[in-house]
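A look at the structure
Given next are the chains, with one letter for each unit.
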Amino acid sequence: MPTYNILEGVTVDGVPVEPTGAGFSTVLLQHLLRRAHRYDGLVVSDWAIVRDLTEAGRTGVPPQQPADIAMPWGGVEELTRVERFALGLDAGLDQFGGEQDPVPLLEAVAAGLVSEARLDESVRRVLLVKFRLGLFEEPFVDEAAASNVVGRPAFTAAAAAAQRRSVTRLAGEAGPAVAPGARVLVHGMAADAFVAAGVAVAASADDATVAVVRLHAPFQLLHPGFFFGRRQHEGDLGFADDDPALVALRDLSARWPTVVVVQLDRPAVLTNVVPHAGVLLVDYGASDEVLVDVLTGVAAPEGRLPFELPRDLPRCWLTTATAPRGRPTRSSRSDIAAESRSHGEQPLAQLHRGDVVAGRRSGSAPVGHTGEEVGDLAHEASLVEVTLSA
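**Re the overall build of the protein chain**
Of the regular secondary structure elements, the protein chain holds 12 helices and 10 strands. Looking at the protein chain as a whole, 41% of its 390 residues qualify as buried. Taking all contacts inside the protein chain whose residues are at least 6 apart in sequence as the whole, residues at least 24 apart take part in 63%. For the protein chain, the computed accessible surface area is about 20,800 Å², with 56% contributed by carbon and sulfur atoms.

**Quick notes on unusual backbone geometry**
Note the cis peptide between Val61 and Pro62, where omega equals -10°. In this structure, Pro62 sits in the loop between helix H2 (55–59) and helix H3 (81–91). Despite not being glycine, Arg38 shows a phi value in the positive range, around 55°. The backbone phi angle of Ala48 is positive, close to 70°, even though this residue is not glycine. In this fold, Ala48 is placed in the loop between helix H1 (26–36) and H2. Given the relative accessible area of 2%, Ala48 is considered buried.

**Regarding the confidence of the model for the protein chain**
Residues of the protein chain with pLDDT of at least 70 account for 82%, and the chain-wide mean is 84. Contacts of residues 326–390 to residues separated by more than four positions or lying in other chains number 132 contacts, the stretch itself having pLDDT below 50.

**Observations concerning the layout of surface pockets**
Estimates place the volume of the second largest pocket at around 380 Å³. Along its surface, the second largest pocket is lined by 17 residues, and Asp94, Gln95, Phe96, Pro102 and Leu105 are the ones closest to its centre. When residues of the lining of the second largest pocket are assigned to their parent elements, the largest contribution, six residues, is made by helix H5 (residues 116–132). Tallied by class, residues from the lining of the second largest pocket come to 10 nonpolar, three polar and four charged.

Rules behind the numbers
Residues numbered from 1 in each chain as written. Predicted model: local features only at pLDDT ≥ 70, side-chain atom pairs only at ≥ 80, totals over all residues. Heavy atoms only, no water. Helix = DSSP H or I, 4+ residues; strand = E, 2+ residues; numbered from the N terminus. Buried < 20%, exposed > 50% of the residue type's maximum accessible area, 1.4 Å probe, protein only. Contact = heavy atoms within 4.5 Å. Areas by Shrake-Rupley, 256 points an atom, 1.4 Å probe, with all protein chains shown as cover. pLDDT = per-residue confidence, 0-100. 1 Å grid on protein atoms, 1.4 Å probe; cavity = no way out; pocket = protein on both sides within 12 Å on 5 of 7 lines; lining within 4 Å. Points joined across faces, edges and corners; volume = space filled by probe spheres on them. Nonpolar A, V, L, I, M, F, W, Y, C, P; charged D, E, K, R; others polar.

See below:
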């Protein structure tokens, strides 16, 4: 499936890639994919690349609906629907994602925009896949058999085991975060998950011995007028000081030892969460039942961070998405250093793996990335203050 992206400045064997979405690029699909890499399988476009943009799709006003989704990027916006089909087929597409109407393709052939032989080539590839899957011999699913497979206990057990292993400890001592005999005050999780595991849930706040708080990575809906914008978590990565979740955490941690679990569907700045957490764990969508297993020591948190967690928002603003691994540009590095010095800190670019950071070694929180320098990316050191301990 070729990307929606327009690959500016990219060449293949000295030939510039066309300034279109990759689904319309002969250089990428024919020269690179089929000739250089000898790929002879099916190429399916990403969805909606031949559709016309509506006003809702362009501006989000009125709110975009599924029928308004269209992605005719890079010089093909002004082409007719039939011309887009012809261009994509000539470029090397075999199937147009999300399209069920064959009429535009037939019209392209009738108009001489694409040859019948080229169309037959793609038809052959589609039919081969169907034959290899046995869809001509057995075109229908056995619904009874499907219901016996989907949700099979062995599968759900394997999923739960994977969730347990994915939980990542960022701060706190090893071992159960909720000790036997504890009476838990629960915030942001289902109390029933603790009860089912035999953990006492405090009858009242005064009866609690430990608080367990589950937070979710901060986000805003910045593009609510668009279909995907209404579903996309965007915006600031940090908890504002008046964020209700952070306010609740501060109040709870002032009274009880507090265990914090943050669900990360995106990176988050946790610097102002760390001081309020005796134990800090992160998960990536685990169930409450799985988290209770980890908190009580039934399972150990073995996970590693799949992405860096920035120490603060200014470092996010100074990075560039086009640089390898988001490294700050040369000019922004000096800004980071100046900002660090203004706070009496050693610049992040000078922190290396093994430096003692806020009383711990920078390698103490396992992460998924490696490199010679924690520096610009603040790998392990990103969760805590970067002032070097004496």
